[in-house]
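Architecture and fold: a report
This is what each chain is made of:
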Amino acid sequence: MKSAFDDVVQAIQREQEYQAKKYGKLDKRTESEVEWCVILDDEMGEVVEDVAGYEFARARAEVLQVVATGINWLMKYGVQEREELCEQ
């Protein structure tokens, strides 16, 4: 039986495929970590604008872009777990 989580993961994968077609495959992308952060901030700004205008379906579509972009950033530069930061 398919779960809501599975639906979300599949939607993220589709968004990543879209981004790869539009911007190039992740292994070929050259954005710095600062640039990834700026992209996320811009996308999150669109989420906020959509919510402020009660455009919740649009906001969810933008959140999908934010999540896929964040995952791409982590895939490009590595994961930093919260617990690892607490140990430092």
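Here is a short report on the structure shown in this document. Since the model is a prediction, treat every value here as computed from it, not as a measurement. (Residues numbered from 1 in each chain as written. Predicted model: local features only at pLDDT ≥ 70, side-chain atom pairs only at ≥ 80, totals over all residues. Heavy atoms only, no water.)

This paragraph deals with the overall build of the protein. For the protein, the count of helices and strands is 4 helices and 0 strands. Mapped in sequence order, the helices and strands of the protein form the string α-α-α-α. Along the first, second and third principal axes, the C-alpha set of the protein runs to 40 × 35 × 35 Å. A total of 88 residues make up the protein; the buried ones form 23% of that total. In the protein, the share of contacts with a sequence separation of at least 24, taken over all contacts with a separation of at least 6, comes to 65%. As presented, the protein carries roughly 6900 Å² of accessible surface, and 56% of it is formed by carbon and sulfur atoms. Within the protein, one finds 11 positive and 20 negative side-chain charges whose respective centroids are separated by 8 Å. (Helix = DSSP H or I, 4+ residues; strand = E, 2+ residues; numbered from the N terminus. Buried < 20%, exposed > 50% of the residue type's maximum accessible area, 1.4 Å probe, protein only. Contact = heavy atoms within 4.5 Å. Areas by Shrake-Rupley, 256 points an atom, 1.4 Å probe, with all protein chains shown as cover. Lys, Arg positive; Asp, Glu negative; His and termini not counted. Charge placed at Lys NZ, Arg CZ, Asp CG, Glu CD.)

Moving on: the packing of helix H2 (residues 33-52) against helix H3 (residues 56-77). The contact between H2 and H3 brings their axes to 8 Å, and the two run at 170 degrees. Classified by the angle between their axes, H2 and H3 sit roughly antiparallel to one another. Pair H2 / H3 crosses with left-handed handedness. (Axes fitted to C-alpha atoms, helices over the stretch in contact; angles between N-to-C directions. Parallel < 35°, antiparallel > 145°, perpendicular 65-115°, else oblique. Left-handed = near helix turned anticlockwise from the far one by under 90°.)

Time to look at the side chain of Gln19. If you trace the backbone, Gln19 turns up in helix H1 (residues 4-23). Gln19 sits in the buried class, given a relative accessible area of 5%. At a separation of 3.1 Å, a polar atom in the side chain of Gln19 contacts the side chain of Asn72. Apart from residues no more than four positions distant in its own chain, Gln19 is found in contact with Gly24, Arg29, Gln65, Ala68, Thr69 and Asn72. (Polar contact = N/O pair within 3.5 Å; in protein donor to acceptor, adjacent residues only side chain to side chain.)

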